[in-house]
Amino acid sequence: MDLKNKLLLENKKNFNICVIGAGHVGLVVSAGLAKLGHKVVCVDNNRKKIVLLKRLSLTFFEPGLESLVREGVKRGRLYFSYNLAEGIKNSEVIFIAVGTPPKEDGSVDLTSIENVCRVIARNLNSYKVIIEKSTVPVHTGEKVKETISRYKKKKNVSFDVVSNPEFLREGSAVYDFFNPSRIVLGVESQRAERILRAIYKNLKTTLLVTDINTAELIKHACNSFLATKLSFINAISRICDLAGANVERVAEGMGLDPRIGRDFLKAGVGFGGFCLPKDIDAFIHLSEKLGYNFSLLKEVKKINQEQKSYFVEKIKECLWVLKDKRIAVFGLSFKPGTDDMRFSPSIDIIESLVKEKALLFLYDPQSIGEAKRVFSGLATKKIKFFKEPYSAVKGCDCLCLLTEWEEFNRLNFKKIKSLMRYSLIADGRNFLDKEKLEKLGFKYIGIGR
Ligand code: UGA
């Protein structure tokens, strides 16, 4: 690259960007970058997905994303394509946001990342910044660099690799993109740093610049710490149940200490989703590989698993034999604001209840379609799906709440009580108004409450 071109690129305000992967991360990042003024092509090898996106139809639910995508496309700043080679050639900056699923042993399957690196190498026609956005184990940046260098066709073309981990939460990913708590940049060259600073210049937040390994490790550490906080409060909830204390108030008392903070101290049936569970597995595996036995994280994982069986035991304690008991389950996604059921606590809990031969009546505001797919392998005669809550509770012995969708607090519980056969409420998120429900005549069980 001659000096003139180099300066042109570094002084640009808006960039031609290729985002590889149109999943939860890739799509939010694509639409967000387009809103910031960049010209973005979002590429995915799933043709069906791209066809749908070209028609402005999203394959998953994320608040605010559809209108952001629509706006980007309308303004001519956001495109969708399955032509990865073209996307790479026409861009100065490439974000890799492909899937990094877990393997059986807990390690991360990096096949998609490696494939993408080889395609980038073949199509590297000018200097480009290649950014790891997917959550990857430490040292992936080194491998990305090595692979692209090894396979690149034009030997004189240079590139930079950057680690820019994402901290988006499903359900509020669009908000998080525009209001990040921080932007972490793991860089090796000042040129790449300047370009990344320019890309994000309209986002007002702290920019933390580190080396690549450190940036990758920050992501591991954050998700593992969040998981640890959750398992800690869930362990406290067990002690609260034993001691006759209230975990909500304990969390309040802890959270008032600014060194602890109130967030991520809601006890419940445990954490799920495609990030925390697989990320702690990956970190345990990676630490072991590096020579450190991260036993703390192993315990975090164990507590999370136990929390689900503990909840089922609590229901059993009340209803005694579960065979043929009618249980309505409200809230199936791993948290509110999403239809994502990956590693949702609802899966293990529903599987246990089916094993006990209970009859299940499922309702969720967004993920009934997804639930039908997830539970298609189970004894389907035992599970029925509902589009609205009141039909689901008819004749039930127990209403079990597993995700704290706001609409559940607005339900008419008087009506629910009149529809149920026995009025037990098992609140797996400590979300409902216990006193109000008890006044209405419900028997209420929560977690550590
Ligand atoms: C998580 C992190 O919070 C994000 O910062 C990160 O970017 C993301 O993973 C990722 O690696 O991509 P997410 O999986 O969307 O985000 O969900 P969280 O909001 O972290 O919730 C995880 C689980 O913890 C949910 O099942 C939720 O119900 C549970 N949770 C959360 C609790 O049980 N109690 C709480 O107080 C908070």
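Because the structure is a prediction, the values reported are computed rather than measured. (Residues numbered from 1 in each chain as written. Predicted model: local features only at pLDDT ≥ 70, side-chain atom pairs only at ≥ 80, totals over all residues. Heavy atoms only, no water.)

For the rest of this paragraph, the subject is the overall build of the chain. Each helix and strand counted, the chain has 18 helices and 14 strands in total. Relative to its length of 449 residues, the chain is compact, with a C-alpha radius of gyration of 24 Å against a globular reference of 22 Å. Along the three orthogonal principal directions, the C-alpha set of the chain runs to about 80 × 45 × 40 Å. Every one of the 449 residues in the chain was classed for burial, and the buried ones make up 53%. Long-range pairs, those at least 24 residues apart, make up 72% of the contacts in the chain with a sequence separation of at least 6. Of the roughly 20900 Å² that the chain leaves accessible, carbon and sulfur atoms contribute 53%. (Helix = DSSP H or I, 4+ residues; strand = E, 2+ residues; numbered from the N terminus. Rg over C-alpha atoms; globule rule 2.2 N^0.38 Å. Buried < 20%, exposed > 50% of the residue type's maximum accessible area, 1.4 Å probe, protein only. Contact = heavy atoms within 4.5 Å. Areas by Shrake-Rupley, 256 points an atom, 1.4 Å probe, with all protein chains shown as cover.)

Okay, the site of the ligand next. Inspection of the region around the ligand gives 20 residues, with Glu-166, Leu-168, Glu-170, Lys-219 and Asn-223 positioned closest. A distance of 2.9 Å separates an oxygen atom of the ligand from a polar atom in the backbone of Lys-266. Contacts to the ligand include Lys-335, whose side-chain N or O atom sits 2.9 Å from an oxygen atom. Burial of the ligand by the protein chains amounts to 93% of its free accessible area of 720 Å². Of all elements in the fold, only helix 10 (212–243) and helix 12 (276–290) reach the threshold of two or more residues within the shell around the ligand. Among the elements that take part in the shell around the ligand, helix 10 stands out by supplying 4 residues, more than any other. Tallied by class, residues from the shell around the ligand come to 10 nonpolar, 2 polar and 8 charged. Viewed by domain, the shell around the ligand spans two of them, domain 1 (3–210) and domain 2 (276–445), each represented by three or more residues. (Near = heavy atom within 4 Å. Polar contact = N/O pair within 3.5 Å; in protein donor to acceptor, adjacent residues only side chain to side chain. Nonpolar A, V, L, I, M, F, W, Y, C, P; charged D, E, K, R; others polar. Domains from an automatic or database assignment.)

By themselves, these figures tell us nothing about what the structure is for.
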